[in-house]
Amino acid sequence: LIGQVQSPQDSQLSAGIEAVVSELLVNDGDTVMQGTVLAKLDDRDAQLSLIESEADLKEASAQLKLTSLRYIQAESAYKKEQDLLAITQKRYKRSQDLLKRNVLSKNDFDAATENLTRQELAVSKAELVMQENQSKNTELEAKISRLSAKRDKSALELERATIVAPFNGVVSELTISLGDRVRYGDPI
């Protein structure tokens, strides 16, 4: 009888990152269990990428915290400016009444008009600052989401530096050796 033993499962593993093969822990013909580490790739670049991603994320989170505080302050300033506008509008009304009764000079009425206009401008500026801070918050929240995804991708690349057996089986062919540089998708 001539026969051939063949596994019902067959998998050709490939590199998930570009790196140098730093450890080769199995040989052709070795029997391995699921989860056994077969080879390790140099993960220093992936580690640095993860550290950089985490630092960027911390920086963006700190910026968001600061912008949130600025928004709270801008909102408070806006409310105070509105209160001052209400007071200035009442003074202006009184000035109009006094001018109609000829009790107030034209210069004093002009000063009241000027104060009202300045206060209206101050309210507009305070509202703009508040809206700018709200927009900056939204922008930073999007940046944090993007940086979180980048951090997760870096963590995944670090994880991919260790090649493990996907199931119990026999190593039939190694296409790499210690010191080889593999690129994403190269057979292992």
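Attention here is on the structure that accompanies the text.

Reading the values: the criteria
- Residues numbered from 1 in each chain as written.
- Predicted model: local features only at pLDDT ≥ 70, side-chain atom pairs only at ≥ 80, totals over all residues.
- Heavy atoms only, no water.
- Helix = DSSP H or I, 4+ residues; strand = E, 2+ residues; numbered from the N terminus.
- Expected span 1.5 Å × (residues − 1).
- Buried < 20%, exposed > 50% of the residue type's maximum accessible area, 1.4 Å probe, protein only.
- Contact = heavy atoms within 4.5 Å.
- Polar contact = N/O pair within 3.5 Å; in protein donor to acceptor, adjacent residues only side chain to side chain.
- 1 Å grid on protein atoms, 1.4 Å probe; cavity = no way out; pocket = protein on both sides within 12 Å on 5 of 7 lines; lining within 4 Å.
- Points joined across faces, edges and corners; volume = space filled by probe spheres on them.
- Nonpolar A, V, L, I, M, F, W, Y, C, P; charged D, E, K, R; others polar.

## A closer look at helix H1 (residues 44-100)
Next, step 1: In a regular helix each residue adds 1.5 Å, so 57 residues correspond to 84 Å; H1 covers 82 Å between its end C-alpha atoms and thus fits that length.
Next, step 2: Downstream of H1 by one or two residues, Asn102 has phi in the positive range, about 60 degrees.

## Remarks on the environment of Arg151
Next, step 1: By secondary structure assignment, the location of Arg151 is in helix H2 (residues 106-159).
Next, step 2: For Arg151, a relative accessible area of 26% gives the class partly exposed.
Next, step 3: Apart from residues no more than four positions distant in its own chain, Arg151 is found in contact with Leu50, Ser53, Glu54 and Leu57.
Next, step 4: A polar contact is formed between the side chain of Arg151 and the side chain of Asp152, at a distance of 3.1 Å.

## Looking at the layout of surface pockets
Next, step 1: Taken as a whole, the largest pocket encloses approximately 620 Å³ of empty space.
Next, step 2: If you trace the largest pocket, you find 25 residues lining it, with Asp10, Ser11, Val170, Val171 and Ser172 closest to the centre.
Next, step 3: The set of elements that each furnish at least two residues to the lining of the largest pocket consists of strand S3 (37-41) and strand S5 (169-170).
Next, step 4: The residue makeup of the lining of the largest pocket, split by class, is 15 nonpolar, eight polar and two charged.

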